[in-house]
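Chains, contacts and geometry: an overview
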Amino acid sequence: MADRAAGGPVVREGLPFIVGVLALTVLASLTGLTDVAVASGAISCFMVWLFRNPSRNVPLGDHLILSPGDGKVIA
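To keep things clear, this report deals only with the structure shown in the data block.

**Some words on the packing of aromatic side chains**
The description of an aromatic ring pair uses the distance of the two centres, along with the angle that the planes make with each other. On inspection of all chains with the given rule, the structure shows 2 aromatic pairs. Centre to centre, the rings of F17 and F51 are 5.7 Å apart; their planes meet at 10°, and the pair counts as stacked. Placement of the pair is F17 in helix α1 (residues 15-31) and F51 in the segment after α2 (34-50), with a sequence separation of 34 residues. We classify F17 as partly exposed; its relative accessible area is 48%.

Below, the structure is given as structure tokens:
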């Protein structure tokens, strides 16, 4: 299975949501809507946190039982 964390710090599926909220933040700040800019800035920070793609550290060793984080259990 390919390592999904190899692409970057954020998953590709979340980019439209992040870019959309960031565009709203920039537009609100340029038009002087400070309250909307602060609120959408907070939402954009949450979106980046929500769609983060951390690298996983899998312990190495014999006789370990590991559960799949992104896969499915076959047996």
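**Description of the environment of A42**
The topology assignment puts A42 in helix α2. Judged by its relative accessible area of 49%, A42 falls in the partly exposed class. With 17 residues separating them in the primary sequence, A42 and T25 have C-alpha atoms 9.2 Å apart.

**Focus: a nonpolar patch on the surface**
Taken together, the side chains of L24, L33 and V36 make up a nonpolar region of the molecular surface, amounting to roughly 240 Å² of accessible area. Following the sequence through the fold, L33 ends up in the loop between α1 and α2. Residue L33 is classed as partly exposed on the basis of its relative accessible area of 45%.

**A look at unusual backbone geometry**
Positioned with a positive phi, H63 is a non-glycine residue whose angle comes to about 60°. Along the chain, H63 falls in the segment after α2.

**Concerning the side chain of T25**
Secondary-structure assignment places T25 in helix α1. Polar side-chain contacts of T25 include one of 2.9 Å to the side chain of S40. In this structure the side chain of T25 is engaged in a polar contact, spanning 3.4 Å, whose partner is the backbone nitrogen of G41. Those residues in contact with T25, other than ones at most four positions away along the chain, are A37, S40, G41 and S44.

Rules used in this analysis
Residues numbered from 1 in each chain as written. Predicted model: local features only at pLDDT ≥ 70, side-chain atom pairs only at ≥ 80, totals over all residues. Heavy atoms only, no water. Phe/Tyr/Trp six-rings, centres within 6.5 Å; stacked < 30°, edge-to-face > 60°. Helix = DSSP H or I, 4+ residues; strand = E, 2+ residues; numbered from the N terminus. Buried < 20%, exposed > 50% of the residue type's maximum accessible area, 1.4 Å probe, protein only. Patch = residues over 30% accessible without salt bridge, like charges linked within 9 Å, V, L, I, M, F, W, Y side chains within 5 Å. Areas by Shrake-Rupley, 256 points an atom, 1.4 Å probe, with all protein chains shown as cover. Salt bridge = Lys/Arg side-chain N within 4 Å of Asp/Glu carboxyl O. Polar contact = N/O pair within 3.5 Å; in protein donor to acceptor, adjacent residues only side chain to side chain. Contact = heavy atoms within 4.5 Å.

Keep in mind these numbers describe shape, not what the thing actually does.
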